[in-house]
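Okay, here's what each chain looks like letter by letter:
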2 protein chains.
Amino acid sequence: MKIGIFDSGIGGLTVVREIRRLMPGQPLVYFGDTARTPYGTKSRATITRYALEDTRFLLEQGAGIIVIACHSASSIASAAVANEFSVPVFEVVSPSVEQAARVTRNRRIGIIGTRATIESRVYDHKIPELLPGAVVLGMPCPLLVPLVEEGWLKRRETRMIVRKYIRPLKERQVDTLVMGCTHYPLIKDIIEAKAGKRIVTVDPSLQTALAVKRFLEASGDSAEPDSPGDERYFVSDLAPATEEIARRFLGGKIKLEKA
Amino acid sequence: MKIGIFDSGIGGLTVVREIRRLMPGQPLVYFGDTARTPYGTKSRATITRYALEDTRFLLEQGAGIIVIACHSASSIASAAVANEFSVPVFEVVSPSVEQAARVTRNRRIGIIGTRATIESRVYDHKIPELLPGAVVLGMPCPLLVPLVEEGWLKRRETRMIVRKYIRPLKERQVDTLVMGCTHYPLIKDIIEAKAGKRIVTVDPSLQTALAVKRFLEASGDSAEPDSPGDERYFVSDLAPATEEIARRFLGGKIKLEKA
């Protein structure tokens, strides 16, 4: 079963990285909508239209299961994608919600993400469904994506800005922090340092890959993929810096193709 | 003569602001391509295609003169726009190049802008044409757009990041600094403070509005506009925060329409 993964850009490669680590050899096709990135600042209608187009492209490339690696699209458009197409659809929010509900002890959970993800209030709705009485505190962190894409992964300014974003969540005593954006695994060490030892972080890229792995194992599709190592990476726009940034997210060499 | 102005997003409203200040009552139509913003990270082919589409939309709205308010599109696509359509085309680079060449005394000119603008090397090519022997030093500042859009206009982090970007230009003794992005007028005070008194800044939004004003006066079109105060502001996507951000750029109330 070929896994199709899409994101508004190259951030979703952090999900691919975990998929490859957990399911080596599994065929996959990636689509990054770099011509229209980012989705996070766009309206619900536009994000939904883009998500449906992205899914259609992956199905045309032979994907039999769809992973929405974009938090904005997962928050806003996953139901529309699941309704429109008759394939299994995974997204990055539900596995993170489940993990957060599992690990919190005081039922106070912080979420960091883009403005669109936080304002969608998807976590505020979903976590209390699993964990009645849970208090969910969202913090939009719109500067973190550009800081990561710039490669400012170790800089003082990045640490200061992360601290500024996380401080109000600490003051309100969350014990669990969902890193609600595909870019954040690249600054996981800074986020964990600023969150401190008392806060457990949840990495949606890892949780989503685990959910896909469980599904493939349950459906008997994980053993012996038809064409192991069949991986293609498409983008809607290929700018000079894209491949270098993509390498950083995937954690290794990558060949991007223009869709 | 109705002026049509386009930008990748709402940053171009700093050009509109100067146009309204210098030519009150002049009819104008604005298009901000918020569904595909930003252009700065995209390829030359994609930026050119978008610029042609944006221009076509403004002509359909009755524009008789086009102003490309986006630095990335000005750098990369202004020739394509001028070739494709038979109306006067203004852009933000040439007036800034002329002003920089006029005001420098030591012929060392710094440019700050998005990665796409700086990497286009348009200033490196154009300034020495006007001013032989000029040394042009470009510095990509990709974090400034998100900082401005977040409204972090007075924050310590913004000042630190501006200082970090400008320091290498000061060390190389530029005496003139082109603020090569429509967003930068909103942090002009920080940029000027970090540049110091010895450096003269050039504001492309102002220089472009002055060039348009000179053209309209020369062609006799500026006196008594046909329908004074006829202003419309279109965007390709209207997200909840867009109107508030637009107000900040225009410096006053604005009604956005979905194109």
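Remember, predicted model here, so these are calculated numbers, not experimental data. (Residues numbered from 1 in each chain as written. Chains lettered and ligands numbered in written order. Predicted model: local features only at pLDDT ≥ 70, side-chain atom pairs only at ≥ 80, totals over all residues. Heavy atoms only, no water.)

## Quick look at the sheet that holds strand 9 (residues 231–235) of chain A
Residue and element names in this part refer to chain A.
Phase 1: Strands sit in the order 4-3-1-2-9-10 across an open sheet of six strands; the sheet is parallel. Two strands in the sheet have a free side with no partner beyond their single neighbour: strand 4 (89–91) and strand 10 (256–258). Along the sheet, successive strands turn relative to each other by an average axial angle of 25 degrees, direction set aside.
Phase 2: Two strands pair when backbone bridges link them, and strand 1 (residues 3–7) and strand 2 (residues 28–32) are joined in this way by five bridges, in the parallel orientation. Bridge pairing in strand 2 places F6 opposite F31.
Phase 3: Contacts from helix 1 (residues 13–22) reach strand 1, strand 2, strand 3 (65–68) and strand 9, with the element oriented near 170 degrees to strand 2.
Phase 4: Most of the contacts of helix 2 (residues 44–60) go to strand 1, to which it runs at about 150 degrees, and overall it touches strand 1, strand 2, strand 3 and strand 9. (Pairing = 2+ DSSP bridges. Helix = DSSP H or I, 4+ residues; strand = E, 2+ residues; numbered from the N terminus. Axes fitted to C-alpha atoms, helices over the stretch in contact; angles between N-to-C directions. Contact = heavy atoms within 4.5 Å.)

## Here we look at the side chain of S120(A)
All names here are of chain A.
Phase 1: By the element assignment, S120 lies in helix 5 (residues 115–120).
Phase 2: Polar side-chain contacts of S120 include one of 2.6 Å to the backbone oxygen of T117.
Phase 3: Look past the residues within four positions of S120 in its chain and what remains in contact with it is S75, I76 and H125. (Polar contact = N/O pair within 3.5 Å; in protein donor to acceptor, adjacent residues only side chain to side chain.)

## Structural notes on the confidence of the model for chain A
Phase 1: Looking at chain A, the pLDDT average stands at 93 and 98% of residues meet or exceed 70.
Phase 2: Interface predicted TM-score (ipTM) for the complex: 0.74; the corresponding pTM is 0.82. (pLDDT = per-residue confidence, 0-100.)

## Digging into unusual backbone geometry
Residues and elements named next belong to chain A.
Phase 1: Cis geometry marks the peptide bond from T37 to P38; its omega dihedral reads -5 degrees.
Phase 2: Along the chain, P38 falls in the loop between strand 2 and helix 2.
Phase 3: At R121, a residue that is not glycine, the phi angle is positive and equals roughly 55 degrees.

## Side note on the sheet that holds strand 10 (residues 256–258) of chain B
Backbone-to-backbone hydrogen bonds join strands into a sheet, with any given pair of strands oriented parallel or antiparallel.
Residues and elements named next belong to chain B.
Phase 1: Read across the sheet, six strands follow the order 4-3-1-2-9-10 without closing on themselves; strand pairing throughout is parallel. Two strands in the sheet have a free side with no partner beyond their single neighbour: strand 4 (89–91) and strand 10. Across the sheet, the axes of successive neighbouring strands diverge by a mean angle of 25 degrees, strand direction being ignored.
Phase 2: Relative to strand 9 (residues 231–235), strand 2 (residues 28–32) is paired through five bridges, and the arrangement is parallel. Residue pairing across strands places L28 opposite E231, the latter belonging to strand 9.
Phase 3: Contacts from helix 1 (residues 13–22) reach strand 1 (3–7), strand 2, strand 3 (65–68) and strand 9, with the element oriented near 170 degrees to strand 2.

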